[in-house]
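So the chains spell out like this:
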Amino acid sequence: MAFLAKGLERSLNERGLPEAAEAREIVKLVKEAVAHSRALAHGLAPVGVHGTELTPALENLAERTREVFGIDCEFQGEQVARVPDDATATAFYRIAQEATNNALKHGRASRITIRLETDADESLRLTIEDDGIGLPLSRPTGDGLGLRLMKLRAETVGAKIVIENVDDEGGTRVECVLPKGAVGRDRFASLRATSSPLPAARPADEDDEDDEGAESEP
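The rules behind the values
- Residues numbered from 1 in each chain as written.
- Predicted model: local features only at pLDDT ≥ 70, side-chain atom pairs only at ≥ 80, totals over all residues.
- Heavy atoms only, no water.
- Salt bridge = Lys/Arg side-chain N within 4 Å of Asp/Glu carboxyl O.
- Helix = DSSP H or I, 4+ residues; strand = E, 2+ residues; numbered from the N terminus.
- Patch = residues over 30% accessible without salt bridge, like charges linked within 9 Å, V, L, I, M, F, W, Y side chains within 5 Å.
- Areas by Shrake-Rupley, 256 points an atom, 1.4 Å probe, with all protein chains shown as cover.
- Buried < 20%, exposed > 50% of the residue type's maximum accessible area, 1.4 Å probe, protein only.
- Polar contact = N/O pair within 3.5 Å; in protein donor to acceptor, adjacent residues only side chain to side chain.

Draft legend 1. Fine view of the pattern of salt bridges. All chains considered together, the criterion is met by 11 salt bridges. For Glu122, the salt bridge identified is with Lys180, shortest N-O distance 3.5 Å. Residue Glu122 is found in the loop between β2 (111-118) and β3 (124-130), and its partner Lys180 is found in the loop between β5 (170-178) and α6 (185-195); the two are separated by 58 residues along the sequence. A cluster of three or more residues bridged by salt bridges with shared partners is formed by Lys6, Glu9 and Arg24.

Draft legend 2. Expanded view of a nonpolar patch on the surface. A contiguous nonpolar surface patch, about 250 Å² in accessible area, is contributed by Leu145, Leu149 and Leu152. Within the secondary structure, Leu145 is located in helix α5 (residues 145-157). By relative accessible area, Leu145 is classed as exposed at 56%.

Draft legend 3. Representation of the side chain of Thr156. Residue placement: Thr156 occurs in helix α5. Relative accessible area serves as the criterion here: at 19%, Thr156 is assigned to the buried category. There is a polar contact of 2.8 Å between the side chain of Thr156 and the backbone oxygen of Leu152.

Below, the structure written as structure tokens:
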């Protein structure tokens, strides 16, 4: 697209046509779109986040959001917050990413604040707050895909998530809290598999005694 638009601009310039300025603007917009796509691919969508890298990753998310979308996006948080494992770090990052995307796409926000902190009881708290139009007061039955994904990610690592309007004037707040010692769904299943053997099967004759005299059905 960029090459074709550049060729069109050159051709119009050679012919002295005023539409060359419009073609030049198309070239500029296509180049910006390419830069935005690269920033999204490399900066806003890492494959996974290590526990010790959650704070820098959230800082980078805020920085990239400012650069790509031209809005006020700020990260506030501790340099060393308690993150129990990589699964939690990745889940929290993805929740922040989805909440930021929702604020831009649906909330039409001009300011987003991402905050990570450890509470007094050692719970890990992630908050994403924006100044957009907020959630609609009357929503169709069920949440949208983005909200369901955030809730699922929180549930998977044992965190609790609340998504609500900031106040009557608008704005949305997403708050995800991981209590100290929380065990996520996937880790719980893994622990059960390794620590709880299956109950022993009853001998066949016990089953036979229970069924003795019972009529078989077709």
